[in-house]
Amino acid sequence: MTTTTDLPPVAPAATPEAARRTRRVPYWLLLPGILWLLVFFVAPLVYQASTSVQTGSLEEGFEVTWHFATYADALSEYYPQFLRSVGYAATATALCLLLGYPLAYLIAFRAGRWRNVLMVLVIAPFFTSFLIRTLAWKTILSDGGPVVSTFDALHVLSLTDALGVTEGHRVLATPLAVVCGLTYNFLPFMILPLYTSLERIDGRLHEAAHDLYARPVTTFRKVTLPLSMPGVVAGTLLTFIPATGDYINAELLGSTDQKMIGNVIQSQFLRVLDYPTAAALSFLLMAAILAMVTVYIRKSGTEDVV
């Protein structure tokens, strides 16, 4: 028989003040991050929004006049660069997916003891400046380089010239060069999410599919690909979004005919000094990317993973 002396001691009830302090702890932990976002994201965003509706000049000064026509004027004048940026970014994203998925699959399921070495090789480009990597591609794709000579000997450049992605049997200062630069620079952003998603797949699912006499193609289509879709979605977003706003690759590997919207914004800010137009273009680009990403996430059915 249990007596009252055998019962464990009862903890004293928390006071209302202690309970309030406990509830406030998560908010105190969030405070540094919130302050960081307010200072370095929200405040610049508000400033850019006010800049986009200003009129004036650098000599006379700019004044907020709520001139929303700047948005319509900027879009009507620079819509080719908008469409070109989306086209280049979408092409580079598709190429990154085609190149990155097999490599991520190899690392996740077939690399064995070489897995860590391959992962280091994937992230190794990050140890070099983005600018230097792009300049290296300028050397690789130079007119007298081995790549152009090989392509010319194989008559590949004749085909690409006919398709309009190269011109005059050269690769530099063509759409192909810009897309190649984008693909190379953003390929790791595709591989890493894909590898993370594939590595989490339970190998017993593949064994079960094999036991049910599923062919490798069927196993990939029914098991591997659906389970890796979160990585596909994350990788495409991490690739497409920065590639759309990139201007380094078009500046170094392209010509005036390959300028992207990032080049226009950079020029308006630093050369033309037309700050309202530059700010308006920035907001238009952000709105366009947000709209495309929202539609893409809803169509892919992965709202809960991104």
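Residues numbered from 1 in each chain as written. Predicted model: local features only at pLDDT ≥ 70, side-chain atom pairs only at ≥ 80, totals over all residues. Heavy atoms only, no water.

Trainee: Describe in detail the pattern of salt bridges, supporting the description with residues and values.
Mentor: On inspection of all chains with the given rule, the structure shows 4 salt bridges. Among the salt bridges present, the one from Asp-202 reaches Arg-204, with a minimum N-O distance of 2.7 Å. What makes Arg-204 exposed here is its relative accessible area of 60%. Among the charged side chains, a salt-bridge network with shared partners connects Glu-251, Lys-259 and Arg-271. (Salt bridge = Lys/Arg side-chain N within 4 Å of Asp/Glu carboxyl O. Buried < 20%, exposed > 50% of the residue type's maximum accessible area, 1.4 Å probe, protein only.)

Trainee: Explain the layout of surface pockets to me, using residue names and the numbers behind them.
Mentor: Volume-wise, the largest pocket comes out at about 250 Å³. Along its surface, the largest pocket is lined by Tyr-105, Phe-109, Arg-110, Gly-203, His-206, His-210, Ala-214, Arg-215, Pro-216, Thr-219, Phe-220 and Thr-224. At the level of elements, α2 (69–110), α8 (203–211) and α9 (216–227) are the ones that each hand at least two residues to the lining of the largest pocket. By residue number, the principal contributor to the lining of the largest pocket is α9, which donates 4 residues. (1 Å grid on protein atoms, 1.4 Å probe; cavity = no way out; pocket = protein on both sides within 12 Å on 5 of 7 lines; lining within 4 Å. Points joined across faces, edges and corners; volume = space filled by probe spheres on them. Helix = DSSP H or I, 4+ residues; strand = E, 2+ residues; numbered from the N terminus.)

Trainee: Help me get a handle on the packing of aromatic side chains, residues and values and all.
Mentor: Across all of its chains, the model carries 10 aromatic pairs by this definition. An angle of 50 degrees between the planes, with centres 5.6 Å apart, marks the rings of Phe-62 and Tyr-275 as tilted. Of this pair, Phe-62 sits in strand β2 (residues 61–64) while Tyr-275 sits in helix α13 (residues 275–300), placing them 213 residues apart in sequence. In this structure Phe-62 comes out as partly exposed when scored by relative accessible area, which is 24%. Ring centres of Tyr-105 and Phe-109 lie 4.8 Å apart, and the angle between their planes is 65 degrees; this geometry places the pair in the edge-to-face category. Of the two residues, Tyr-105 and Phe-109 are both situated in helix α2; the distance of 4 residues between them amounts to about one turn of the helix. Following the ring pairs from residue to residue traces out a cluster consisting of Phe-126, Phe-130, Phe-186 and Phe-189. (Phe/Tyr/Trp six-rings, centres within 6.5 Å; stacked < 30°, edge-to-face > 60°.)

Trainee: Can you tell me about helix α4 (residues 130–140), naming the residues and giving the values?
Mentor: For α4, the full list of buried residues reads Arg-133, Thr-134 and Trp-137. Angular distribution of buried residues about the axis of α4 spans 95 degrees; they occupy a single face of the element. Between the side-chain oxygen of the N-cap and the backbone nitrogen of Leu-131 there are 3.2 Å, and the N-cap of α4 in question is Ser-129. (Arc of directions from axis to C-beta. Polar contact = N/O pair within 3.5 Å; in protein donor to acceptor, adjacent residues only side chain to side chain.)

Trainee: Outline unusual backbone geometry, supporting the account with residue identities and numerical values.
Mentor: Although it is not a glycine, His-155 adopts a positive phi angle of roughly 60 degrees. Within the secondary structure layout, His-155 lies in the loop between α5 (146–153) and α6 (156–163). In this structure His-155 comes out as exposed when scored by relative accessible area, which is 57%. The backbone of Ala-173 shows a phi angle near 65 degrees, a positive value even though the residue is not glycine. Position of Ala-173 relative to the elements: it lies in the loop between α6 and α7 (175–199). The class of Ala-173 is partly exposed, set by a relative accessible area of 25%.

Trainee: So, the nonpolar core: which residues are in play, and what are the values?
Mentor: Grouped together as the largest cluster of nonpolar side chains are 18 residues, with contacts concentrated most on Tyr-71, Phe-82, Ile-261, Leu-281 and Leu-285. For this core, the secondary structure elements donating two or more residues are α2, α10 (229–245), α12 (261–272) and α13. Examining the composition of this core, we find that 8 residues originate from one element, α13, more than from any other. With sequence-adjacent residues up to four places away left out, Leu-285 is seen in contact with Phe-82, Thr-244, Gly-245, Ile-261 and Ile-265. (Core = buried A, V, L, I, M, F, W, Y, C linked by side-chain atoms within 4.5 Å. Contact = heavy atoms within 4.5 Å.)

Trainee: Please provide a residue-by-residue account of the pairing of β2, values included.
Mentor: The sheet contact formed by strand β1 (residues 54–57) and β2 spans 4 bridges and is antiparallel. Directly across from Gly-56, in β2, lies its bridge partner Phe-62. (Pairing = 2+ DSSP bridges.)

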